[in-house]
Amino acid sequence: MSDAISTAPTYRVDFEPVGKRVEVAPDTTLLEAAQQAGLALSSACGGMGKCGQCQVVILAGRVSSPTVDEKNILTELDLQRGQRLACRTRAQGDVKVHVSQSSLITAQRLQLAGEPGELTVDPLIRTCEIEVSPPTLEDPRSDLQRLAAAILPDQAIEAGPSVIRQITPVARIRDWKLTAFLRDGEIVGVAPIGSPPLGLAVDLGTTKIAATLIDLTSGDELAVAGALNPQIGYGEDVVSRLTHAHRNPDSGHTLATLVREIIDDLLGKVTEQAGVGRDQVTDVCIVGNTAMTHLLLELPVRQLAVSPYVAATDAAIDVKARDLGLNATPGAYVHVLPCIGGYAGADHVAMILANRLDQTDHAALGIDIGTNTEIVLARPDEGLTSVSCASGPAFEGAHISDGMPTAAGAIEAVELTKNGVTLSTVDDAPAIGLCGSGIVDGVAELRRWHLINERGRFDRHHDRVREGRHGPEFLLVPADQSGSQRDVVITQEDVNEIQLAKGAIRAGLEVLLDATGTAPEEVKEVIIAGAFGSFLKVQSALDMGLLPRLPNARYRQVGNAALVGARWALVSRQARKRARQIASQTNYLELTTYPQFNRRFALGMLFPSIGE
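Given the structure is predicted, the values throughout are model-derived calculations rather than measurements.

J.: Please provide a residue-by-residue account of the packing of aromatic side chains, values included.
T.: Summed over all chains, the structure comprises 2 aromatic pairs. In this structure, arginine 146 is placed above the aromatic ring of tryptophan 176, and the distance from its NZ or CZ to the ring centre is 5.9 Å. When the ring centre of tyrosine 333 is taken as origin, the NZ or CZ atom of arginine 183, which lies over that ring, is 4.2 Å away.

Listed below in structure tokens is the structure:
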């Protein structure tokens, strides 16, 4: 058997101009080859041939013939030029491939900030500065016993093997003068005298990961960093990743390893920024939607992807940081907040926590818009009620013909005038596509100028509306003015995608109000959280009907509230207790079982009348 494996043929795939190369088995897709080579190709659909983001050009070599999926996305001229979808193209010999910058997962603008608020600092970790005499023949107590007696003479103190391995050399280097970090009755690490305990708060988003380093004695933020979620290469929406994890052996471990390595890398970056050692990081709190935390912890996920969308566990979880590959102090724990139900996960609990929606004295809505949009209605008399809407990845730029992440060249604001189109792009770079706020802005402008009707259909008489490959489209940027040398357009299918997303969100909002007997006039505040919500123009969201016009409500954009909630859970025992109460006491509504949900969804897809 071993001889057969060693002599099996392999093909070399060269990716240019990035200089990556890899040996693969016959019929390996170019997307799989890129993943094996450590090359992050965009693939919003998880390699299903639907999004068209993983386009490459075959420079030389033998590959499989174009598939039906490719012919649906690429033109005949594209195919003649060697343009292919990496996820549908299989190596049938040595291959040389050109990868354009637009097909790579590039650096995105990350929303790391949030409104920190005020909180009493009461962390699980406490410090004990100790000075003890070294062992002698007359006093040959073990190193752990010596430290434990100095910390709490009359109470049992524990430490795991990894911590003991740290204690022995550090104690001798430091002449038995140490700071011990305690979590209840357990020593989780030691450091030089005067070292404050630090914590890492992480928002594990579907698209982006944000981390902040916190001084646990003061609650102060010391450093912050962010990165793309590398799982994007396996699908931008969570269902694609869950399906991939179920469909492919060992892929669950692969997806978990990807995010664990990025979180550890962020840990390194923030400790370096703050000029402190990793051995001071004594506690970690991670939040994310139910799918993201399940993938992180390698919990079963198949049941999350199919009705009735049940979590393996909804409880808070504590696990050793080292078991997740995080290089913190040896006994540090990772705390994952509990989830509520369905995809209303730990990040939703953290958002509620950070905005004190569990303590509000007025009716308020909290909305975190994304691939899965979580909405909570807080009423002082009725408590909390939440829904999760499958709004799709359109607000991340996925499933949009010229959609892209919030990276350089992404159109983020659109204004139509009598003289043409005015655009704003990330980093003021030449436009190459639309991010989420840009497509919302663009569709809102099309509606304001009557270029689409209430059903989202184009007025074909406008000089910028033309017939495209898949129906009418609006020309935003001609090829000679774009950064990709291709036209940037909003197509009829793009408008339809936005309608589907907004229909789901509006239906969720209306069900929440209806199920709780809340009149629109009662709502006093609408909190818009998350990265997309931070850059969204509220007026555009109102004009296109994404958000309802609530006559007495104040609309407030709060940034990355999930990260703030994770930070609170790091520095406060009371915050962790509140998080458990929020998760257990929030009433979760499954939208698809609610009467007339489908009708509400269909009506929510319509655009409001102009001026409504």
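Read on for the rest.
J.: Report on the environment of aspartate 203, specifying residues and quantitative values.
T.: Considering the arrangement of structural elements, one finds aspartate 203 in strand E9 (residues 198-204). According to the relative accessible area criterion, aspartate 203 is buried, its value standing at 12%. Measuring from C-alpha to C-alpha, the distance between aspartate 203 and asparagine 289 comes to 9.4 Å, with 86 residues separating the pair along the chain.

J.: Give a description of unusual backbone geometry that names residues and reports values.
T.: With omega at 10°, the peptide bond leading from serine 307 into proline 308 counts as cis. By the element assignment, proline 308 lies in the loop between helix H9 (290-297) and strand E13 (317-320). If you check the backbone angles, arginine 356 has positive phi at about 55° while not being a glycine. The residue glutamine 596 is not glycine, and still its phi comes out positive at about 65°.

J.: Before we move on, could you go through the confidence of the model for the protein and cite the residues and values that matter?
T.: Predicted confidence across the protein gives a mean pLDDT of 88, with 94% of residues reaching 70 or more. Mean pLDDT across the secondary structure elements of the protein bottoms out at helix H1 (residues 2-6), with 45, and peaks at strand E14 (residues 333-336), with 98. Every residue in residues 1-6 scores below 50 in pLDDT, and together they form 0 contacts with partners more than four places removed in sequence or on other chains. Residue range residues 107-114 is modelled with pLDDT below 50. Its contacts to residues more than four positions away, or to other chains, number 38 contacts.

J.: Give a description of the sheet that holds strand E18 (residues 410-417) that names residues and reports values.
T.: Pairing in this open sheet of 3 strands is mixed, and the strands run E19-E18-E20 from one edge to the other. In the strand order of this sheet, the two ends are held by strand E19 (420-425) and strand E20 (433-434), each with one partner. Here 6 bridges tie E18 to E19, and the two strands are oriented antiparallel to one another. Paired with threonine 417 across the strands is glycine 420, a residue of E19. Here helix H11 (residues 436-448) sits on the sheet in contact with E18 and E20, set at roughly 15° to E18.

J.: Account for the nonpolar core, naming residues and giving values.
T.: For soluble globular proteins, the rule of thumb is that nonpolar side chains tend to be buried together. Counting residues in hydrophobic clusters, the biggest one holds 57 residues, and the most contacted among them are Leu365, Ile369, Ile375 and Phe395. If you tally residues by element for this core, the top one is helix H12 (residues 492-515), at 10 residues. What isoleucine 369 contacts, discounting residues up to four positions off in sequence, is Phe395, Ile505, Ala529, Phe532, Leu536, Leu546 and Leu547.

J.: Talk me through the sheet that holds strand E17 (residues 383-389); I want residue IDs and the actual numbers.
T.: The 6 strands lie next to each other as E25-E24-E15-E16-E17-E26, forming an open sheet whose pairing is mixed. A single partner strand is all that each edge strand has here, and the edge strands are strand E25 (554-559) and strand E26 (587-588). Pairing of strand E16 (residues 373-379) with E17, which is carried by 7 bridges, proceeds in the antiparallel orientation. Bridging across to E17, leucine 377 finds its partner in threonine 385.

J.: Pulling in residues and values, what's your account of the packing of helix H10 (residues 346-354) against helix H16 (residues 573-585)?
T.: Packing of H10 against H16 brings their axes to within 10 Å, and their N-to-C directions diverge by 120°. Remark: the crossing between H10 and H16 carries right-handed chirality. Of the residues in H16, those touching H10 at Val349, Ile352 and Leu353 are Ala575, Arg578, Ala579, Ile582 and Ala583. The class makeup of the residues in the contact of H10 with H16 is 7 nonpolar, no polar and 1 charged.

J.: With reference to specific residues and values, describe the environment of arginine 457.
T.: Examined against the element boundaries, arginine 457 turns out to sit in the loop between H11 and strand E21 (465-468). Classification of arginine 457 as partly exposed rests on a relative accessible area of 43%. On a C-alpha basis, the gap between arginine 457 and glutamine 492 in space is 7.1 Å, while along the polypeptide they are 35 residues apart. Apart from the residues lying within four places of it in its own chain, the contact partners of arginine 457 are Leu451, Ile452, Gln492, Asn496 and Gln499.

J.: Can you explain the state of the cysteines? Please cite residues and give values.
T.: Counting across every chain of the model gives 0 disulfides. Cysteine 54 takes part in no disulfide bond, and the closest cysteine sulfur to it belongs to cysteine 87, at a distance of 3.8 Å. Overall, the relative accessible area of 5% leaves cysteine 87 in the buried class.

J.: Tell me about the pairing of strand E5 (residues 91-98), and name the residues and values.
T.: Of the pairings in the sheet, the one linking strand E1 (residues 11-16) to E5 comprises 4 bridges and is parallel in character. Opposite aspartate 14, over in E5, you have lysine 96 as the bridge partner. Alignment of strand E3 (residues 55-63) against E5, held across 5 bridges, turns out to be antiparallel. Following the sheet pairing, valine 57 is matched in E5 by histidine 98.

J.: Report on the pattern of salt bridges, specifying residues and quantitative values.
T.: The tally for this structure, following the rule as stated, stands at 31 salt bridges. A salt bridge links aspartate 283 to arginine 576; the nearest nitrogen and oxygen atoms lie 2.8 Å apart. Of this pair, aspartate 283 sits in strand E12 (residues 281-288) while arginine 576 sits in helix H16, and the two are 293 residues apart along the sequence. Comparing aspartate 283 with arginine 576 shows no difference in burial state: the two are buried. The salt bridge partner of aspartate 514 is arginine 600, with a shortest N-O separation of 3.4 Å. Taken together, the residues aspartate 514 in helix H12 and arginine 600 in helix H17 (residues 597-604) connect sequence positions 86 residues apart. Owing to a relative accessible area of 19%, arginine 600 belongs among the buried residues under this scheme. Linked through salt bridges whose partners overlap, the residues forming this network are Glu445, Arg448, Asp543 and Arg549.

Rules and cut-offs
Residues numbered from 1 in each chain as written. Predicted model: local features only at pLDDT ≥ 70, side-chain atom pairs only at ≥ 80, totals over all residues. Heavy atoms only, no water. Phe/Tyr/Trp six-rings, centres within 6.5 Å; stacked < 30°, edge-to-face > 60°. Lys NZ or Arg CZ within 6 Å of the ring centre and 35° of its normal. Helix = DSSP H or I, 4+ residues; strand = E, 2+ residues; numbered from the N terminus. Buried < 20%, exposed > 50% of the residue type's maximum accessible area, 1.4 Å probe, protein only. pLDDT = per-residue confidence, 0-100. Contact = heavy atoms within 4.5 Å. Pairing = 2+ DSSP bridges. Axes fitted to C-alpha atoms, helices over the stretch in contact; angles between N-to-C directions. Core = buried A, V, L, I, M, F, W, Y, C linked by side-chain atoms within 4.5 Å. Left-handed = near helix turned anticlockwise from the far one by under 90°. Nonpolar A, V, L, I, M, F, W, Y, C, P; charged D, E, K, R; others polar. Disulfide = S-S within 2.5 Å. Salt bridge = Lys/Arg side-chain N within 4 Å of Asp/Glu carboxyl O.

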